[in-house]
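Topology and contacts: notes
Chain by chain, the residues run as shown.
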Amino acid sequence: MPVLEARGIVHTLGAGRAQRRILDGVDLKVEAGEVVAVLGRSGSGKSTLLHLLGGLDRPDAGRIMLAGQDLTAQKPRDLARARLRHVGFVFQSFHLIEELSGEENVLLPARLPGADRGGERRARRLIGELGLTEIADRRPHELSGGEQQRLAIARALVNDPELVLADEPTGNLDQENGASVLALLRNLRRRAVVIVTHEPEAAAIADRVLQLQDGRLLAGDGRLASDGARLRESA
């Protein structure tokens, strides 16, 4: 069973004459241990798609299955718990809380009601594994962009999610720090990873690169992504 499966996702923005169908029947399947990149220009709906896949928003039509659960059928309370336990988010702007130290930022999701036990142990292990021990007591404004993004990745992993969603994770980083962050995402074990980006260099680390164009996901050969997935499986 795939970690993530989306079928027929439709999402519109605006109302009346200004209404626009930004996603028009998107299909996507991601297995454990697979990195998938969604490449598209600014405004193509990449972030919207990521928010839907992670349960931050609901599609107008379609179905999203995550770790055997139908996100589109869940009540808000159950959906929040599914996000907390099964999804780790990494954002372009880091979204660290300035009043907290690096370690406290990493620990934050593990201290929320409904989180699995063992968060403090995982947080300290992740801080060590990602080379953040010496800066863990500093606040975000004292850190470089690369250090902040590595802390954000540790925070995304602290509840041991099956799915990691990264929205333009190198957008605010220089080339060296961007490469380091991409290497971390590439080497996440056992997890399904979806990266949305407008940078072909960032997408190049993925096992599979899909194009978001006119509301549809296309494989590299221009076929719909669902067709491309079947061709890949039969190869």
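None of the values given here were measured: they were computed from a predicted structure.

What follows covers unusual backbone geometry. Positive phi outside glycine occurs at Ala67, with the angle close to 50 degrees. When you line up the elements, Ala67 lands in the loop between strand E4 (61-66) and strand E5 (69-70). Under the relative-accessibility criterion, Ala67 is labelled partly exposed at 28%.

For the rest of this paragraph, the subject is the sheet that holds strand E6 (residues 87-91). The sheet built from 6 strands is open, its strands ordered E6-E7-E8-E3-E9-E10 with mixed pairing. For this open sheet the edge positions go to E6 and strand E10 (216-218), each flanked by a neighbour on one side alone. Between one strand axis and the next, the sheet turns by 20 degrees as a mean value, whatever way the strands run. By the bridge criterion, 4 bridges tie strand E3 (residues 35-39) to strand E9 (residues 208-213) in an arrangement that is parallel. Bridging from a neighbouring strand, Ala37 pairs with Val209 of E9. In the packing of helix H5 (residues 145-157) onto the sheet, contacts are made with E6 and strand E7 (163-167), and the angle to E6 comes to roughly 165 degrees.

Between its first and last C-alpha atoms H5 spans 19 Å; for 13 residues at 1.5 Å apiece the expected length is 18 Å, and the two agree. Within the sequence span of H5, burial applies to Gly146, Gln148, Gln149, Arg150, Leu151, Ala152, Ile153, Ala154, Arg155, Ala156 and Leu157. Where H5 is buried, its residues meet E6, helix H3 (102-107), helix H4 (119-129), E7 and helix H6 (175-186).

Looking now at the packing of H5 against H6. Interhelical geometry of H5 versus H6 gives an angle of 15 degrees and a closest axis separation of 9 Å. With respect to H6, the element H5 is oriented roughly parallel. For H5 against H6, the interelement crossing comes out right-handed. Between H5 and H6, the contacting residues are Gly146, Gln149, Arg150 and Ile153 on the first element and Asn177, Ser180, Val181, Leu184 and Leu185 on the second. Considering only residue class, the contact of H5 with H6 consists of 4 nonpolar, 4 polar and 1 charged.

What follows covers the environment of Glu199. Relative to the helices and strands, Glu199 resides in the loop between strand E8 (192-197) and helix H7 (200-203). Of the residues examined, Glu199 reaches a relative accessible area of 22% and is grouped as partly exposed. When near neighbours in sequence (up to four residues on either side) are disregarded, Glu199 contacts Leu39, Thr170 and Gly171. In this structure the side chain of Glu199 is engaged in a polar contact, spanning 2.9 Å, whose partner is the side chain of Thr170.

Moving on, we get to the layout of surface pockets. Estimates place the volume of the largest pocket at around 440 Å³. Taken together, 16 residues line the largest pocket, and the ones lying closest to its centre are Leu84, Val87, Phe89, Pro109 and Leu112. Elements with a minimum of two residues in the lining of the largest pocket: helix H2 (76-86), E6 and H5. Looking at which element gives the most residues to the lining of the largest pocket, the answer is E6, with 4 residues. By residue class, the composition of the lining of the largest pocket is 11 nonpolar, 3 polar and 2 charged. Forming the walls of the second largest pocket are 13 residues, and the residues nearest its centre are Glu129, Leu157, Asn187, Leu188 and Arg189. Examining the composition of the lining of the second largest pocket, we find that 3 residues originate from one element, H4, more than from any other. Across the lining of the second largest pocket, the residue classes break down as 6 nonpolar, 1 polar and 6 charged.

Only one face of E9 is buried, namely the one carrying Arg208, Leu210 and Leu212, since none of Val209, Gln211 and Gln213 on the opposite face is buried. Pairing of E9 with E10, which is carried by 3 bridges, proceeds in the antiparallel orientation. Bridged to Gln213 within E10 is Arg216. The antiparallel pairing of E9 with E10 creates a hairpin that spans 2 residues between the two strands, and Asp214 there sits at a positive phi of about 50 degrees.

Conventions and cut-offs
Residues numbered from 1 in each chain as written. Predicted model: local features only at pLDDT ≥ 70, side-chain atom pairs only at ≥ 80, totals over all residues. Heavy atoms only, no water. Helix = DSSP H or I, 4+ residues; strand = E, 2+ residues; numbered from the N terminus. Buried < 20%, exposed > 50% of the residue type's maximum accessible area, 1.4 Å probe, protein only. Pairing = 2+ DSSP bridges. Axes fitted to C-alpha atoms, helices over the stretch in contact; angles between N-to-C directions. Contact = heavy atoms within 4.5 Å. Expected span 1.5 Å × (residues − 1). Parallel < 35°, antiparallel > 145°, perpendicular 65-115°, else oblique. Left-handed = near helix turned anticlockwise from the far one by under 90°. Nonpolar A, V, L, I, M, F, W, Y, C, P; charged D, E, K, R; others polar. Polar contact = N/O pair within 3.5 Å; in protein donor to acceptor, adjacent residues only side chain to side chain. 1 Å grid on protein atoms, 1.4 Å probe; cavity = no way out; pocket = protein on both sides within 12 Å on 5 of 7 lines; lining within 4 Å. Points joined across faces, edges and corners; volume = space filled by probe spheres on them.

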